[in-house]
Amino acid sequence: MKQWARFDRYDILVYLINYPAVIIANYIVFGPAYFLDKSLFIPTTLIINAWGLVVFVMLTLWMKYMRFCYGATDQFGQRLLYSMLAYVGAMMVMILLLYWIYDQLGYPYKPETIPWLLMIGMATNVISAGSHESIYTYNQLRESTRREFELKQLHMQQQMDVLKQQVSPHFLFNSLNSLVALIGENPRQAEVFAEELSSVYRYVLWANEQNLTDLNTELAFIRSYAHLLRTRYGTGFQIITAVDQRFGHYQLPSLTLQLLVENAVKHNVVLTSKPLKVEIRTDALANLHVCNNLQKKKQGVVSNGVGLSNIIAKYEMLGQPFPTIRQEGGQFTVALPLIPT
């Protein structure tokens, strides 16, 4: 059987909706005698059920063929017009055929009931066509929505992958330079530095496979990351965390804290005499605040667009409220909405 000609559960539903018209039609043809005379009721019921099934299969196949030929959304008018024309023509022929069968078998039908039966046939045609089209349109809409959702998900994942690969590549270069310097000066400290550097890049590799991570995991990573910065800048870099543990399992886009800390280091002076202080804290509304004191470098830093724009893009793609950014009182603050699990 061809794909377009296959019947499904919706076709059976439409048949059941219209089935009462079959019994009503026999009652109109024979009058009260239809229910009173068992010798009339049983054979004519079998006949009209077989007749109704043939009509249903024939018209449903025609409707499915019209879908096959005119299945596009903008061809709805053509599909419905051709279906209804065929329905009307076929129903007139089949009703006359039903009367002819009853006449040949000698059943006492009333010829004046033909117009009434044609009206019932028209009503069932309208119900059948409307039901089939409603179901078909709904399924088309659902399928279109599913495809659109899958495409958006794929597009979002591709964008997220690009954003996660934008962690500053020269950070590794600077870290390796620091490690080389430490090897000669303090081998033990160099060993600890190498371990923390390994932890940082192990997390980066893991995070590249995740869109979200929980706050506790991100803070553990940022402690290793901060160790590398303290090794490089000494007491010129300080980080303070004041996070309510009840938010530990809340989520945020992976590597968000790394981007904010890197952004602070990139745009501000970091000296022992002028330490850069970064504070990470939560508030009662499940927002994570990342603050740093402003001591901007005299020479402007060329920005490559990573950092804040990267974080905002991640929140937008995840359908979450945007982070808020403010600069006041010598402080630069980014408030990140934490995402409940």
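Definitions and cut-offs
Residues numbered from 1 in each chain as written. Predicted model: local features only at pLDDT ≥ 70, side-chain atom pairs only at ≥ 80, totals over all residues. Heavy atoms only, no water. Pairing = 2+ DSSP bridges. Helix = DSSP H or I, 4+ residues; strand = E, 2+ residues; numbered from the N terminus. Axes fitted to C-alpha atoms, helices over the stretch in contact; angles between N-to-C directions. Contact = heavy atoms within 4.5 Å. Phe/Tyr/Trp six-rings, centres within 6.5 Å; stacked < 30°, edge-to-face > 60°. Buried < 20%, exposed > 50% of the residue type's maximum accessible area, 1.4 Å probe, protein only. Lys NZ or Arg CZ within 6 Å of the ring centre and 35° of its normal. Salt bridge = Lys/Arg side-chain N within 4 Å of Asp/Glu carboxyl O. Core = buried A, V, L, I, M, F, W, Y, C linked by side-chain atoms within 4.5 Å. Patch = residues over 30% accessible without salt bridge, like charges linked within 9 Å, V, L, I, M, F, W, Y side chains within 5 Å. Areas by Shrake-Rupley, 256 points an atom, 1.4 Å probe, with all protein chains shown as cover. 1 Å grid on protein atoms, 1.4 Å probe; cavity = no way out; pocket = protein on both sides within 12 Å on 5 of 7 lines; lining within 4 Å. Points joined across faces, edges and corners; volume = space filled by probe spheres on them. Nonpolar A, V, L, I, M, F, W, Y, C, P; charged D, E, K, R; others polar.

A closer look at the sheet that holds strand 4 (residues 276-282)
Reading across the sheet, the five strands line up as 2-4-5-7-6 and stay open at both edges, with mixed pairing between neighbours. The open sheet has two free edges, formed respectively by strand 2 (237-242) and strand 6 (324-328), since each of these has just one partner strand. Across the sheet, the mean angle separating the axes of adjacent strands is 15 degrees when strand polarity is ignored. Helix 10 (residues 256-267) contacts strand 2, strand 4, strand 5 (287-293) and strand 7 (331-337) of the sheet and is inclined by roughly 150 degrees relative to strand 4. Most of the contacts of helix 11 (residues 308-317) go to strand 7, to which it runs at about 20 degrees, and overall it touches strand 6 and strand 7.

Focus: the packing of aromatic side chains
Inspection of the entire model under this criterion finds 18 aromatic pairs. For the pair Tyr-15 and Phe-56, a centre-to-centre distance of 4.9 Å together with 55 degrees between the ring planes defines the contact as tilted. With Tyr-15 in helix 1 (residues 9-18) and Phe-56 in helix 4 (residues 38-69), the pair connects residues that are 41 residues apart, well separated along the chain. For the pair formed by Tyr-15 and Phe-56, the shared burial category is buried. One aromatic cluster is present, built from ring pairs that chain together Tyr-27, Phe-30, Tyr-34, Phe-35, Phe-41, Tyr-102 and Tyr-107. A cation over a ring is seen here: Lys-64 above Phe-7, with NZ or CZ 5.6 Å from the ring centre.

Some remarks on the environment of Met-63
For Met-63, the position within the fold is in helix 4. Excluding its chain neighbours within four sequence positions, the residues that come into contact with Met-63 are Asp-11, Ser-83, Tyr-87 and His-132.

Some words on the pattern of salt bridges
Oppositely charged side chains may form a pair once their charged atoms are brought near each other. Scanning all chains against the criterion turns up six salt bridges. Between Arg-188 and Glu-191 there is a salt bridge; the shortest N-O distance is 3.3 Å. Of this pair, Arg-188 and Glu-191 both sit in helix 8 (residues 187-207), three residues apart, roughly one helical turn. The class of Glu-191 is partly exposed, set by a relative accessible area of 43%. For Glu-279, the salt bridge is made with Arg-281, and the minimal N-O distance between the two is 3.6 Å. Look at Arg-281 and you get partly exposed, because its relative accessible area is 26%.

Structural notes on unusual backbone geometry
For residues besides glycine, phi is generally negative; the peptide bonds are generally trans as well. Here Leu-255, not a glycine, exhibits a phi torsion of approximately 70 degrees, which is positive. Within the secondary structure layout, Leu-255 lies in the loop between strand 3 (251-253) and helix 10. We note that Ala-286 has phi near 65 degrees; this positive angle belongs to a residue other than glycine. On the secondary structure map, Ala-286 appears in the loop between strand 4 and strand 5.

Digging into the pairing of strand 7
When a strand is regular, its side chains alternate between the sheet's two faces. Here strand 7 lies mainly inside the structure; six of its seven residues are buried. Examined bridge by bridge, strand 5 and strand 7 share seven bridges and lie antiparallel to one another. If you follow His-289 over to strand 7, its bridge partner there is Ala-335. Note: strand 6 against strand 7, five bridges, orientation antiparallel. Bridging from a neighbouring strand, Ile-325 pairs with Val-334 of strand 7. Hairpin connection of strand 6 to strand 7: two residues between the antiparallel strands, including Gly-329 at a positive phi of 60 degrees.

Considerations on the nonpolar core
Phe-237, Leu-257, Ile-280, Leu-288 and Leu-336 are the most contacted members of the largest nonpolar core, which totals 41 residues. Sorting the residues of this core by element identifies helix 7 (170-185), helix 8, helix 9 (215-233), helix 10, strand 4, strand 5, helix 11 and strand 7 as the ones contributing at least two each. When sequence neighbours within four positions are dropped, the list of residues in contact with Leu-288 reads Leu-215, Val-243, Leu-252, Leu-257, Ile-280, Arg-281, Thr-282, Val-334, Ala-335, Leu-336 and Leu-338. Membership of the second largest hydrophobic core comes to 26 residues, among which are Trp-51, Met-94, Tyr-99 and Tyr-102.

Regarding a nonpolar patch on the surface
Residues Trp-62, Tyr-65, Phe-68, Leu-81, Tyr-82 and Leu-85 make up a contiguous nonpolar surface patch of roughly 600 Å² in combined accessible area. Contributions of two or more residues to the nonpolar patch are made by helix 4 and helix 5 (76-105). With respect to the helices and strands, the residue Tyr-82 is situated in helix 5.

Some remarks on the side chain of Thr-44
By secondary structure assignment, the location of Thr-44 is in helix 4. Relative accessible area serves as the criterion here: at 0%, Thr-44 is assigned to the buried category. In contact with Thr-44, other than residues within four places in its own chain, are Asn-26, Phe-30, Tyr-34, Tyr-102 and Tyr-107.

Remarks on empty space enclosed by the protein
The gaps of empty space that remain are located by a probe, the size of a water molecule, rolled over the atoms. Scanning all chains against the criterion turns up four cavities of 30 Å³ or more. Approximately 340 Å³ is the volume attributed to the largest cavity. Lining the largest cavity are 24 residues, and of these Asn-18, Gly-52, Val-55, Met-91 and Thr-124 sit closest to its centre. Going through the elements one at a time, helix 1, helix 2 (20-30), helix 4, helix 5 and helix 6 (114-164) are the ones with two or more residues in the lining of the largest cavity. Its residues assigned to classes, the lining of the largest cavity shows 16 nonpolar, eight polar and no charged. Lining the second largest cavity, in full, are Leu-260, Asn-263, Ala-264, Val-278, Val-290, Cys-291, Asn-292, Phe-332 and Val-334. Mapped by element, the contributors of at least two residues to the lining of the second largest cavity are helix 10, strand 5 and strand 7.

Everything listed here is a matter of geometry and, on its own, says nothing about what the molecule does.
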